[in-house]
Amino acid sequence: MASYDVIVIGSGPGGYVCAIRCAQLGLKTACVEGRETLGGTCLNVGCIPSKALLHATHMLHEAEHNFSKMGLKGKSPSVDWKQMLAYKQETIETNTKGIEFLFKKNKIDWLKGWGSIPQAGRVKVGDEVHEAKNIVIATGSESSALPGVEVDEKIVVTSTGALELASVPKKMVVIGAGVIGLELGSVYARLGAEVTVVEYLDAITPGMDAEVQKTFQRTLKKQGLSFVMGAAVQGVEVKGKKASVRYKSRKDDSEATLDADAVLVATGRRPFTDGLGLEDLGVALTARGQVKTDAHWATSVRDIYAIGDAIEGPMLAHKAEDEGMAVAEVLAGKAGHVNYGVIPGVIYTHPEVATVGLTEEQLKAEGRAYKAGKFSFMGNGRAKANFAADGFVKILADKTTDRILGAHIIGPMAGDLIHEICVAMEFGAAAQDLAMTCHAHPTYSEAVREAALACGDGAIHS
Ligand code: FAD
């Protein structure tokens with residue numbers, strides 16, 4: 001029986017980061033992974049492959065729409081879907097192999113197979129039982145099922161199937177206007193598919209700043225995506241290679257159908273803890289099936305911890321990573337901490353959408369006095385030069401103290417721009433601190449400074 005200080009179950013961004021930090025802190029560490037490759041949902045069927053397809057199709061969009069405007073003339077590219085999938089696969093492989101390398105470098109044992117916890121302090125993988133002073137559950141999540149919809153991963157697919165469709169569909173229906181549905185819907189719309197998004201609620205990307213939601217939906221419509229809002233999908237029927245999606249309007253109960261060559265079910269994800277034996281162990285779960293943890297990621301059973309998509313909070317790779325690092329520090333006797341108030345959320349469409357902290361709607365609900373500084377990318381020289389002037393930066397700050405409470409960006413490189421504001425928020429900065437910081441010209445980040453200036457005496461270029 002091999003014996004470890006820590007065994008992490010699951011090698012997604014939560015699990016592998018936790019294992020690396022544990023090893024760096026001098027703990028003898030193993031990580032159990034049932035997949036053929038390390039990296040979890042994120043590297044294998046999530047963040048990384050979806051971003052590869054978004055990048056490739058964004059390049060196509062640029063070539064089709066903007067090259068000739070810049071005097072770049074010639075044959076426009078045609079799509080070799082097989083090659084695009086091969087590029088995506090290669091991207092996955094270089095990333096997953098990178099984690100394998102990091103495991104070797106940090107002397108972390110990869111226990112290959114599906115793990116279970118027969119009792120506290122023991123992890124079973126295949127026929128072998130290993131001893132662990134501490135166990136970290138980092139088993140992630142899987143796509144949620146939708147009643148009346150049977151997924152075959154060919155015509156009716158989850159995000160996993162959508163990352164490797166046999167061909168580009170002529171018509172695609174996306175059920176759910178959340179991040180994953182809109183990112184993958186954008187990919188296929190750019191490839192020429194007629195994409196219709198069916199959403200139960202009246203706004204896309206639930207929980208986001210309402211002004212961003214409206215601008216984002218308008219921009220996606222301009223890009224050719226259609227939306228059916230306030231519609232509850234009743235079922236999907238597949239006949240041969242075609243599917244029809246039946247939905248009911250929440251307004252007047254009227255029913256309608258949409259035909260499609262592919263249907264993407266993107267109605268959310270649920271925590272995955274199957275086969276671990278949590279019930280027998282007495283590990284408490286929430287009503288939504290997440291592993292219940294305290295402020296130090298400890299479960300209800302001593303020396304068993306949990307992180308990432310398997311517990312409460314936003315299902316994001318960087319949230320899982322932060323928890324992975326923090327729990328490793330706790331296990332090494334240090335003070336692990338995650339600031340849940342400063343976790344950015346990004347949608348990697350074009351333009352990108354990025355958000356951190358509170359929305360105007362939340363501030364209003366809290367009755368908090370705030371000011372909003374907004375700056376349109378139309379006033380940003382770099383954005384105009386790059387045909388990327390759609391969108392804005394909005395910074396929300398406390399009316400009295402000027403402390404930054406949230407920021408919402410739709411525009412070029414929003415996913416990178418947001419981090420300047422995250423750092424400012426970590427340091428409890430005021431909007432004026434950003435406004436007084438010199439920003440290089442010409443950069444998109446000048447729009448962030450201008451939004452900060454707009455919280456005070458006013459932006460210069462608006
Ligand atoms: P996971 O990444 O799900 O990893 C869990 C791992 O545990 C899996 O490899 C699984 O095989 C393994 N496992 C489970 N049970 C066992 C067991 N019993 N024994 C052994 N191994 C086990 N997030 C972002 O922040 N940015 C994005 O751009 C983004 N894009 C996404 C796009 C898509 C299409 C999807 C589906 C998700 C995306 N996400 C994104 C979400 C992100 O992938 C997850 O939040 C993140 O992967 C969660 O990390 P995790 O470590 O908790 O779990």
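Residues numbered from 1 in each chain as written. Predicted model: local features only at pLDDT ≥ 70, side-chain atom pairs only at ≥ 80, totals over all residues. Heavy atoms only, no water.

Help me understand helix α14 (residues 446-454), please; the structure alone is not making it clear to me.
Each α-helix winds once per 3.6 residues, and so residues spaced three or four apart point in a common direction. Buried within α14 are the following residues: E446, A447, V448, E450, A451 and A452. In the core, the buried residues of α14 are packed alongside β20 (370-376), β21 (392-398), β22 (404-411), α12 (414-426) and α13 (431-435). (Buried < 20%, exposed > 50% of the residue type's maximum accessible area, 1.4 Å probe, protein only. Helix = DSSP H or I, 4+ residues; strand = E, 2+ residues; numbered from the N terminus. Contact = heavy atoms within 4.5 Å.)

Any chance you could explain the sheet that holds strand β12 (residues 231-239) here in plain terms?
Backbone-to-backbone hydrogen bonds pair the strands of a sheet. The strands run either parallel or antiparallel. In space, the 3 strands of this open sheet follow the order β12-β13-β14, with antiparallel pairing throughout. A strand with exactly one partner marks an edge of an open sheet, and here the two such strands are β12 and β14 (255-260). Taking each pair of neighbouring strands and ignoring which way they run, the sheet shows an average axis angle of 25°. Note that strand β13 (residues 242-249) and β14 share 6 bridges and pair antiparallel. Bridging across to β14, V245 finds its partner in L258. (Pairing = 2+ DSSP bridges. Axes fitted to C-alpha atoms, helices over the stretch in contact; angles between N-to-C directions.)

I would appreciate a short explanation of unusual backbone geometry in the present structure.
What you tend to see is this: most non-glycine residues have negative phi, and most peptide bonds are trans. The peptide bond linking H350 to P351 adopts the cis configuration, its omega dihedral lying at 0°. Positionally, P351 belongs in the loop between β18 (345-347) and β19 (352-357). Between H441 and the following residue, P442, the backbone shows a cis peptide bond with an omega angle of -5°. The topology assignment puts P442 in the loop between α13 and α14. A positive phi angle, near 60°, is found at E153, a position not held by glycine. In this structure E153 comes out as partly exposed when scored by relative accessible area, which is 34%. Positioned with a positive phi, F387 is a non-glycine residue whose angle comes to about 55°. Take F387: it is sitting in the loop between α11 (381-385) and β21.

Teacher, can you tell me more about the side chain of T359 here?
Counting through the fold element by element, T359 comes out in the loop between β19 and α10 (360-366). Look past the residues within four positions of T359 in its chain and what remains in contact with it is G207, M208, D209, L396 and H408.

Just checking my understanding: could you explain the site of the ligand for this structure?
The local shell around the ligand holds 39 residues, among which E33, T41, K51, G115 and A317 are the closest. Here G115 contributes a backbone N or O atom positioned 2.8 Å from a nitrogen atom of the ligand. Within the backbone of L316, an N or O atom sits 3.2 Å from an oxygen atom of the ligand. Coverage of the ligand by the protein chains reaches 96% of its 1,000 Å² of free accessible surface. Those elements that provide at least two residues to the shell around the ligand are α1 (13-24), β2 (29-33), α2 (40-45), α3 (47-65) and α9 (317-331). Looking at the shell around the ligand, the element that brings in the most residues is α2, giving 4 residues. Its residues placed into classes, the shell around the ligand shows 16 nonpolar, 18 polar and 5 charged. (Near = heavy atom within 4 Å. Polar contact = N/O pair within 3.5 Å; in protein donor to acceptor, adjacent residues only side chain to side chain. Areas by Shrake-Rupley, 256 points an atom, 1.4 Å probe, with all protein chains shown as cover. Nonpolar A, V, L, I, M, F, W, Y, C, P; charged D, E, K, R; others polar.)

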